[in-house]
Amino acid sequence: VTGDCLPDLARDVVKRALASGATGAECTIAEGDEFSANIRMREVESIKEAGSRAAGLRILIGKKTGASYTSDLSPDGISLLLKSALELAAVTSEDPHAGLPDPEELGSLPGDLGLYSADLETLETPVRIEAARQAEAAALEADPRISNSEGASFDSHLGRHIFANSHGFSGEYRSSYCSVAVAPVAKDGDSMERDHWYSLSRGFAGLESPAEVGRTAARRALRRLHPVKVETQRVPVVFEPTAARSLLDNLFEAVHGMSIYRHESFLAGMLGEKVANEDVTVIDDATIPGLFGASPFDDEGVPSRRTVVIDRGVLKNYLLNTYTARKLGMKTTGNASRGLTGNAGIGHGNFFLQAGVQTPERILSGVSNGFYVTELMGFGVNIVTGDYSRGAAGLWIRGGELAFPVSEVTIAGNLKDMLLGLEAVGSDLEFRGSVAAPTLKIGEMTVGGK
Amino acid sequence: MLFAESVFASRFHITPHDLEAWLSAALSQGGDYADLYFEYLLTSSISIDESIVKSATQGVSMGVGVRVIAGERTGYAYSDDLSPEKIRKAARVAACIAAAPAKVEKVDLQEGVRHNLYPVLLAPTETAFAQRVELVKRADRAARAYDPRVFQVQAFYADNLRHVLVATSDGVLSGDRQPLARLSVSALARREGAPPQSGRSGGGGRVELDYFLTDHPPERFASEAAREAVAMLDAVDAPAGETTVVLGPGWPGILLHEAVGHGLEADFNRKGFSSFTGRIGQKVASELCTVVDDGTIASRRGSLNVDDEGHPTQRNVLIENGILRGYLQDRLSSAVMRAEPTGSGRRESYAHIPMPRMTNTFMLAGESQPEDIIRSVSKGIYCKNFGGGQVDITSGNFVFSASESYLIEDGRLTRPVRNATLIGNGPEALKYVSMVGNDLRLDEGVGICGKEGQSVPVGVGIPTIRIDRMTVGGTA
């Protein structure tokens, strides 16, 4: 099977599924080339290079579904793919809400979303290695206390996503990304700390200067040396954008259609209600060209769109696929997401909290005694109840300024209270991935320490 | 399993001669070592939600990874096509990456002896689907029947059968057939006027389907998940700050995985940025603590007959009576550190470079009665079940999140407390272990460990222990 035949193969798999008794079918084919180079202490540590492809099929027989996948695209492999999915529809249950999107909901955004950069196709390996090498060198040269490194890496991925269904949808798009990342280790006396920084782009030309990435990483590691474990207390907590982004990850889980219909979210049943401070507006937008969460259609063939999730503190929308929309008596928001196969789950496009007007410095200056969080650890977030308890590291705020590093503490509260208590939103929104948030300040949380 | 009986010989017609030729191709540009890792993986999964079996999936994936090591440099390429020309191409790509002065003369493969830890005749993946569907249906019914306050139940069953073959330029030829199955149940309970609470349970191993039909039926996991959800309905705020912590037996062994296990993986120590670097022979825990990583326990989720570099797994003592004894090694780190291999080289799949990983990590039993341990605490918390954990190797700080815990007041368990994260520092935390129970228990078999983007199945275990001081991330 050559690459050019893949869209035909997807359509053919759908056709054969129908011919074999399916009443509906969806076929996804993914193809990708990956490259990864790791540098450590200025030497090449590893290089990995390979390509792969695989196909997935989901079929419906009436209201029952079956799903399968294979990395074997030979005729035998495809026959087994079909047989496997059909056989499973016999063992699943009738699900009244199962089905494909309605035909009129299918489609693809027109125009170029800037998802693919051809400069990565021809980028020479030495250039890739050099980017990682420069990033690490800049970190190592930044300060004598940067005496070790976990390494630096250059990664790239070129991918192609093909989707066809039995309502006549057939689409494909290519995407690419590359990144340079470095994780230096700072050491001073008996204190050893690491941190990292990175740049991510659709193409090589869009990457930030590797040396700048390295210097930023070094600064981040150095400022963590000789941390203090503070006393347990209730104080204002300011989240650096990298840490604030994790709150958006939590919020995504809480507005995820599956969590909503199962009542597994503290935001279930809250549409139209005030759930956050009025400075808070949260948007999911998969239509912004060039950003990492953009796509012309979702994983059910529904066009991507912009959905306002929280508008000035009021919960306006959940993020839905076709199934969860039907369960809730609503319309899909074009957020279907899946790997190769299975029932569609839910994903986000560019999911972000809109920038406010205060600079981060301004936000800090208003805090006489508080905690500036730069890193969060662990999984202590319960979306059902909103209970929030995570390991944290960062810097203590004294008199409006960053005073000394803090680690081995926890921050705890409840997401409901945290959203309502979100009293300052920074102006520094920046997309370093598909989820983004500016500096955020929460009025009060419990810092657990000594 | 003998090579001649493997799927790679029978179905893909690969011969030992082919393997030797591909290894030679991999070393054609030089290098100290090369290996081939073949994988043929069959998977299935079934889920039930709202008493409806909403999905069932089965799949097949296959591929080969070719690795060449020259000094500390690794070249890696893989192919998801097992045709000879694609394998040769992957070998050439890996060879170019790791080009170095030639060192390996000729490869002569020999099949070695190995364990037979999971003598599974018929893997769950090979059984009739209808039988496995029944497991999630039974789990759903049992969780709902447990208590009228249970209103949502999900059960997820997954199994896989992984055929692997490792051939190395050291002459190792080793095949394995690795079955794995697990059943997970989650339940939500609610009471009028209060938010819902959740509970989870699950189990499995490298077992036959019979495992779930006899001693570990779905009802056992279902009622455990439902019990936890109902128990948490009465939860009060967790304490904040340092307190005495008692860990119950079994899954709370995740403490060891995070606090010491990762920090003792040899790659971090070879490179000098683990908080345990250079501490072999030093005291890193109280003398009551002996911690082992054992990949040879029959039928366990974390066990392997051979690691993913073809080396037999073994029982490795990490901490003995409080003294740090050794690291977990893979081929590369053991060669550079001139240490004995420990059978700890693992990888997620053929598309991944192996690295040192844990298998089943646990603390040996002590002499205290569990009830005496609880009775000894005037004020503290007792943690019965946990969610996930994470560690910062360099600073040694680690967290793990309690999903079911109770206040201890005057030596008695009183009220359940809300979910809270516990935080500590690896080389310090176990120094505060003052009592170790005689009730060592391994977890039920659902653990997954992530490292540098690679996930592998693992196990943990611990007896009841008392830790005099640890920070609890509550709000009270």
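Being a predicted model, the structure only gives us computed values, none of them experimental.

Chemist: How should the overall build of chain B be read in this particular structure?
Modeler: Each helix and strand counted, chain B has ten helices and 24 strands in total. What you see for chain B is a C-alpha radius of gyration of 24 Å, in line with the 23 Å of a compact globule of 476 residues. Dimensions of chain B, computed from the C-alpha atoms along their principal axes, are close to 70 × 55 × 35 Å. Buried residues in chain B amount to 66% of all 476 residues. If you take every contact in chain B between residues at least 6 apart in sequence, the share linking residues at least 24 apart comes to 75%. Of the roughly 16,300 Å² of accessible surface on chain B, a fraction of 49% belongs to carbon and sulfur atoms.

Chemist: Whenever I open this one, the interface of chain B and chain A confuses me. Can you help?
Modeler: When the parts of a complex come together, some accessible area is lost, and that lost area is often used as the size of the interface. Facing 69 residues of chain B, the contacting portion of chain A comprises 74 residues. There are seven salt bridges connecting chain B and chain A. In this structure, Arg 262 of chain A and Asp 49 of chain B form a salt bridge, with 3.1 Å as the shortest nitrogen-oxygen distance. Where chain B packs against chain A, one counts 38 residue pairs in polar contact (both at pLDDT 80 or more). Its residues placed into classes, the side of chain B that touches chain A shows 26 nonpolar, 32 polar and eleven charged. Sheet topology places strand E3 (residues 64–70) of chain A next to strand E2 (residues 52–70) of chain B; four bridges connect them, and they run parallel. When the bridges of E2 of chain B are listed, Tyr 69 of chain A appears paired with Gly 59 of chain B.

Chemist: Explain the packing of helix H3 (residues 125–141) of chain A against helix H4 (residues 210–222) of chain A to me, please; I cannot follow it from the model alone.
Modeler: Pairs of packed helices are described in terms of their axes, by the angle between the two and the distance that separates them. Residues and elements named next belong to chain A. Remark: H3 packs on H4, axes separated minimally by 7 Å, with the N-to-C direction vectors making an angle of 40°. Every pair of crossing elements has a handedness; the one defined by H3 and H4 is right-handed. Across the interface between the two elements, Ala 131, Gln 134, Ala 135, Ala 138 and Ala 139 from H3 touch Pro 210, Ala 211, Gly 214, Arg 215 and Ala 218 from H4. In terms of residue class, the contact of H3 with H4 is made up of seven nonpolar, two polar and one charged.

Chemist: Hey, could you run me through the sheet that holds strand E11 (residues 323–324) of chain B in this one?
Modeler: Adjacent strands of a sheet form backbone hydrogen bonds with each other and so pair up, either parallel or antiparallel. Residue and element names in this part refer to chain B. Read from one edge of the open sheet, six strands run E11-E10-E9-E14-E23-E20, paired in mixed fashion. Edge positions in the sheet fall to E11 and strand E20 (441–442), since each of these pairs with one other strand and no more. Direction of pairing for strand E9 (residues 291–294) relative to strand E14 (residues 360–363): antiparallel, over a ladder of three bridges. Looking across to E14, one finds that Val 292 is bridged to Phe 362. Packed onto the sheet, helix H6 (residues 254–261) meets E9, strand E10 (315–320), E14 and strand E23 (459–462) and runs at close to 105° relative to E23.

Chemist: Just checking my understanding: could you explain the side chain of Lys 229 of chain A for this structure?
Modeler: Relative to the assigned elements, Lys 229 of chain A resides in the loop between H4 and strand E8 (233–239). Among the residues examined, Lys 229 of chain A registers a relative accessible area of 16% and is labelled buried. Reaching out from Lys 229 of chain A, the side chain makes a polar contact with the side chain of Glu 408 of chain A at a distance of 3.1 Å. Side-chain polar atoms of Lys 229 of chain A contact the side chain of Thr 471 of chain B, separated by 2.6 Å. Setting aside anything within four residues of it in sequence, one finds Lys 229 of chain A in contact with Ser 407, Glu 408, Val 409, Gly 449 and Lys 450 of chain A together with Glu 242 and Thr 471 of chain B.

Chemist: Looking at this structure, I do not really get the sheet that holds strand E19 (residues 435–436) of chain A. What am I missing?
Modeler: Residues and elements named next belong to chain A. Pairing is mixed across the open sheet formed by five strands, whose spatial order is E11-E10-E9-E14-E19. Sheet topology places strand E11 (314–315) and E19 at the edges, where each strand pairs with a single neighbour. Pairing of strand E9 (residues 282–285) with strand E14 (residues 350–353), which is carried by four bridges, proceeds in the antiparallel orientation. The residue bridging Ile 283 from the neighbouring strand is Phe 352, located in E14.

Chemist: Any chance you could explain the pattern of salt bridges here in plain terms?
Modeler: A pair can form between side chains of opposite charge whenever their charged atoms are brought close. Under the defined criterion, the tally for this structure stands at 65 salt bridges over all chains. Its salt-bridge partner being Glu 212 of chain A, residue Arg 215 of chain A comes within 3.1 Å of it at the nearest N-O pair. Within this pair, Arg 215 of chain A and its partner Glu 212 of chain A are both found in helix H4, separated by three residues, close to a single helical turn. By relative accessible area, Arg 215 of chain A is classed as partly exposed at 37%. A relative accessible area of 34% places Glu 212 of chain A in the partly exposed class. Its salt-bridge partner being Arg 375 of chain B, residue Asp 372 of chain B comes within 3.0 Å of it at the nearest N-O pair. Residue Asp 372 of chain B and its partner Arg 375 of chain B are both found in helix H9 (residues 370–375); the two are separated by three residues, about one turn of the helix.

Chemist: What am I meant to see in the layout of surface pockets here?
Modeler: Left-over empty space is what a probe sized like a water molecule reveals as it rolls over the atoms. Put simply, the second largest pocket is a space of about 1,100 Å³. What lines the second largest pocket is a set of 40 residues, and nearest its centre among them are Gly 51, Ser 52 and Arg 53 of chain A together with Asp 80 and Lys 86 of chain B. Residue assignment for the lining of the second largest pocket shows that the elements contributing at least two residues are strand E1 (24–40), strand E2 (43–61), H3 and strand E4 (146–165) of chain A together with strand E3 (73–79) and helix H3 (84–97) of chain B. Considered class by class, the residues forming the lining of the second largest pocket number 15 nonpolar, ten polar and 15 charged.

Chemist: Please explain the packing of aromatic side chains as it appears in this structure.
Modeler: The geometry of an aromatic ring pair is captured by two quantities: the separation of the ring centres and the angle between the planes. All names here are of chain B. This structure, assessed with the given rule, holds 20 aromatic pairs over all chains. For the pair Phe 12 and Tyr 40, a centre-to-centre distance of 5.8 Å together with 65° between the ring planes defines the contact as edge-to-face. One end of the pair, Phe 12, is in the loop between helix H1 (7–10) and helix H2 (16–26); the other, Tyr 40, is in strand E1 (residues 33–49), and 28 residues separate them in sequence. Residues Phe 268 and Phe 273 carry aromatic rings whose centres are separated by 6.0 Å and whose planes lie at 55° to one another, so their mutual orientation is tilted. Classification of Phe 268 as buried rests on a relative accessible area of 9%. An aromatic cluster is built from Phe 8, Phe 12, Trp 22, Phe 38 and Tyr 40, whose rings are joined through pairwise contacts. Positioned above the aromatic ring of Phe 129, the side-chain terminus of Arg 132 is 4.4 Å from the ring centre.

Chemist: Quick question: what am I supposed to make of the environment of Gly 189 of chain A here?
Modeler: Residue and element names in this part refer to chain A. Structurally, Gly 189 can be placed in the loop between strand E5 (170–188) and strand E6 (191–194). A residue is classified by how much of its surface remains accessible, and Gly 189, at 66% relative accessible area, is exposed. Each C-alpha atom, one on Gly 189 and one on Pro 96, is 65 Å from the other, the two residues being 93 residues apart in sequence.

Chemist: What exactly am I supposed to notice about empty space enclosed by the protein here?
Modeler: Tallying each qualifying case throughout the model produces four cavities of 30 Å³ or more. Reported here for the largest cavity is a volume of approximately 100 Å³. Listing elements by their share of the lining of the largest cavity, those giving two or more residues are helix H5 (241–254), helix H9 (415–420) and strand E20 (440–448) of chain A. Element by element, the count of residues in the lining of the largest cavity is highest for H5 of chain A, at four residues. Here the residues of the lining of the largest cavity sort into eleven nonpolar, one polar and no charged. Residue lining of the second largest cavity: Arg 224, Glu 375, Met 377, Ala 392, Ala 393, Ser 407 and Glu 408 of chain A together with Asp 392, Ser 395, Asn 397 and Ile 423 of chain B, and that is the complete set.

Chemist: Please clarify how H5 of chain A should be interpreted in this entry.
Modeler: Since the α-helix packs 3.6 residues into each turn, any two residues three or four apart lie on the same face. If you check H5 of chain A, its first and last C-alpha atoms are 20 Å apart, about what 14 residues at 1.5 Å a residue would give, namely 20 Å. Looking only at H5 of chain A, the buried set comprises Ala 243, Ala 244, Ser 246, Leu 247, Leu 248, Asn 250, Leu 251, Phe 252 and Ala 254 of chain A.

Chemist: Explanation requested: the packing of helix H4 (residues 129–146) of chain B against helix H5 (residues 218–231) of chain B in the structure shown.
Modeler: All names here are of chain B. It is the contact of H4 with H5, at a shortest axis distance of 8 Å, that shows an interaxial angle of 35°. In terms of crossing hand, the pair formed by H4 and H5 is right-handed. Together, Leu 135, Arg 138, Ala 139, Ala 142, Ala 143 and Tyr 146 of H4 and Pro 218, Glu 219, Ala 222, Ser 223, Ala 226, Arg 227 and Val 230 of H5 make up the contact between the two elements. Of the residues belonging to the contact of H4 with H5, the class tally is nine nonpolar, one polar and three charged.

Chemist: Just checking my understanding: could you explain unusual backbone geometry for this structure?
Modeler: Note: most peptide bonds trans; most residues except glycine with negative phi. All names here are of chain B. Unusually for a residue other than glycine, His 13 sits at a positive phi of about 55°. Along the chain, His 13 turns up in the loop between H1 and H2. By relative accessible area, His 13 is classed as exposed at 59%. Not every positive phi belongs to a glycine, and Asp 410 is a case in point at roughly 50°. Of note, Asp 410 is situated in the loop between strand E16 (397–409) and strand E17 (412–417).

What counts as what
- Residues numbered from 1 in each chain as written.
- Chains lettered and ligands numbered in written order.
- Predicted model: local features only at pLDDT ≥ 70, side-chain atom pairs only at ≥ 80, totals over all residues.
- Heavy atoms only, no water.
- Helix = DSSP H or I, 4+ residues; strand = E, 2+ residues; numbered from the N terminus.
- Rg over C-alpha atoms; globule rule 2.2 N^0.38 Å.
- Buried < 20%, exposed > 50% of the residue type's maximum accessible area, 1.4 Å probe, protein only.
- Contact = heavy atoms within 4.5 Å.
- Areas by Shrake-Rupley, 256 points an atom, 1.4 Å probe, with all protein chains shown as cover.
- Salt bridge = Lys/Arg side-chain N within 4 Å of Asp/Glu carboxyl O.
- Polar contact = N/O pair within 3.5 Å; in protein donor to acceptor, adjacent residues only side chain to side chain.
- Nonpolar A, V, L, I, M, F, W, Y, C, P; charged D, E, K, R; others polar.
- Pairing = 2+ DSSP bridges.
- Axes fitted to C-alpha atoms, helices over the stretch in contact; angles between N-to-C directions.
- Left-handed = near helix turned anticlockwise from the far one by under 90°.
- 1 Å grid on protein atoms, 1.4 Å probe; cavity = no way out; pocket = protein on both sides within 12 Å on 5 of 7 lines; lining within 4 Å.
- Points joined across faces, edges and corners; volume = space filled by probe spheres on them.
- Phe/Tyr/Trp six-rings, centres within 6.5 Å; stacked < 30°, edge-to-face > 60°.
- Lys NZ or Arg CZ within 6 Å of the ring centre and 35° of its normal.
- Expected span 1.5 Å × (residues − 1).

Any functional reading would require information that these geometric values do not contain.
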